[in-house]
Amino acid sequence: HCASQKLVTAFSQLNPNTFFYTFSYGIHAFPPCSGSQIYLANSSSELPFIFPSVLQTIFNLDYKFSLEESNLKRDMMRFWIAFSSTGDPNYVMQLM
């Protein structure tokens, strides 16, 4: 995390429109590590929320998102669509 912050700080010196986010939700589709009861997020943990089909196509899981996860999925998709469309993940877009 510290290395990521340093990298973003360096990039922001070259381009002030630099964005950084932390994703800490551990999806319940993947069980915790042996002996743990805690669902942890790791690198790429956000991808099933942006590309839900990854759970079926790559992991062969028929996972049903909870209401909380469905809301998170919707928000993550909006952030990514806004970023890819405008360069700003915080841009408020009217989605159909």
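Data block above holds the structure.
Anyway, here's the lowdown on the structure attached to this text. Because the structure is a prediction, the values reported are computed rather than measured.

Cut-offs applied
- Residues numbered from 1 in each chain as written.
- Predicted model: local features only at pLDDT ≥ 70, side-chain atom pairs only at ≥ 80, totals over all residues.
- Heavy atoms only, no water.
- Helix = DSSP H or I, 4+ residues; strand = E, 2+ residues; numbered from the N terminus.
- Buried < 20%, exposed > 50% of the residue type's maximum accessible area, 1.4 Å probe, protein only.
- Core = buried A, V, L, I, M, F, W, Y, C linked by side-chain atoms within 4.5 Å.
- Patch = residues over 30% accessible without salt bridge, like charges linked within 9 Å, V, L, I, M, F, W, Y side chains within 5 Å.
- Areas by Shrake-Rupley, 256 points an atom, 1.4 Å probe, with all protein chains shown as cover.
- Salt bridge = Lys/Arg side-chain N within 4 Å of Asp/Glu carboxyl O.
- Expected span 1.5 Å × (residues − 1).
- Arc of directions from axis to C-beta.
- Contact = heavy atoms within 4.5 Å.

### Observations concerning the overall build of the protein
For the protein, the helix and strand inventory stands at four helices and zero strands. Seen in sequence order, the protein has helices and strands lined up from the N terminus as α-α-α-α. Considering the protein as a whole, with its 96 residues, one finds that 18% of them fall into the buried category.

### With respect to the nonpolar core
Of all hydrophobic cores here, the largest spans ten residues; its members are Phe 23, Tyr 25, Ile 27, Ala 29, Phe 49, Ile 50, Val 54, Leu 55, Phe 65 and Met 76. Secondary-structure elements contributing two or more residues to this core are helix 2 (47–50) and helix 3 (53–57).

### Things to note about a nonpolar patch on the surface
Judged by side-chain polarity, Tyr 21, Leu 47, Phe 51, Phe 79 and Trp 80 come together as a nonpolar surface patch covering roughly 470 Å² of accessible area. Looking at where Phe 51 falls in the secondary structure, it is placed in the loop between helix 2 and helix 3.

### Looking at helix 4 (residues 67–86)
With 20 residues, helix 4 ought to run about 28 Å at 1.5 Å a step, and its terminal C-alpha atoms sit 28 Å apart, in line with that. Within helix 4 the residues assigned to the buried category are Glu 69, Met 76 and Ala 82. One side of helix 4 holds all its buried residues, which, seen down the axis, span an arc of 155°. Contacts made by the buried residues of helix 4 are with helix 2. Phi turns positive one or two residues past the end of helix 4, at Gly 87, with a value near 85°.

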